[in-house]
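# Understanding the architecture of this molecule
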Amino acid sequence: MNDYDALRDYLLRQKQEELVLSFEQIEEIIGAALPRAAQRASWWDSLRSPDIQMPQREACLAAGFVATRMPGGQSVRFRKQKGERRR
């Protein structure tokens, strides 16, 4: 189990195609503070460096979502991937 399994499970329960969560909401879901690196848009980019293991990215993709940090840097948009089967 990694720190972001709770985020994966939360996203799996969502019915909407897109949702935005604040960093505070994400921290509540995972039960821990996000690292300082979460402030960078690249940390959330689901398509960046797919060969590098990043647990937050793996959690989002496992739930069938792509994550993008919103302008302003305090929230993240999660959008369901089209044509992807959720695990």
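Our structure is the block above this text.
Below is a summary of the structure that appears in this document. Given the structure is predicted, the values throughout are model-derived calculations rather than measurements.

## Observations regarding the overall build of the chain
- Along its length, the chain carries four helices and three strands.
- Overall, the chain shows an N-to-C arrangement of helices and strands of α-β-α-α-α-β-β.
- For the chain, the proportion of its 87 residues judged to be buried stands at 36%.
- Roughly 5,500 Å² of accessible area belongs to the chain as shown, and the carbon and sulfur atoms make up 47% of that amount.

## A word on the pattern of salt bridges
- This model, assessed by the stated rule, comprises five salt bridges.
- A salt bridge links R8 to D9; the shortest N-O distance between them is 2.9 Å.
- Close ionic contact of E58 with R57 constitutes a salt bridge, the shortest N to O distance being 3.8 Å.
- Exposure remark for R57: the relative accessible area of 2% places this residue in the buried category.
- In the salt-bridge network here, residues are joined through shared partners; they are D5, R8 and D9.

## Examining the pairing of strand β1 (residues 18-22)
- Judged by which residues are buried, β1 turns out to be one-sided: L19 and L21 face inward and are buried, whereas E18, V20 and S22, on the alternate face, are not.
- As paired strands, β1 and strand β3 (residues 75-80) are joined by five bridges and run antiparallel to one another. Of the residues in β3, the one forming a bridge with L19 is F78.

## Points about helix α4 (residues 55-62)
- Residues of α4 that are buried include every one of Q56, R57, A59, C60 and A62, and no others.
- Elements in contact with the buried residues of α4: α1 (5-12), α3 (41-44), β2 (65-69) and β3.
- Just downstream of α4 lies G64, where phi reads positive at about 85 degrees.

Criteria and cut-off values
Residues numbered from 1 in each chain as written. Predicted model: local features only at pLDDT ≥ 70, side-chain atom pairs only at ≥ 80, totals over all residues. Heavy atoms only, no water. Helix = DSSP H or I, 4+ residues; strand = E, 2+ residues; numbered from the N terminus. Buried < 20%, exposed > 50% of the residue type's maximum accessible area, 1.4 Å probe, protein only. Areas by Shrake-Rupley, 256 points an atom, 1.4 Å probe, with all protein chains shown as cover. Salt bridge = Lys/Arg side-chain N within 4 Å of Asp/Glu carboxyl O. Pairing = 2+ DSSP bridges. Contact = heavy atoms within 4.5 Å.

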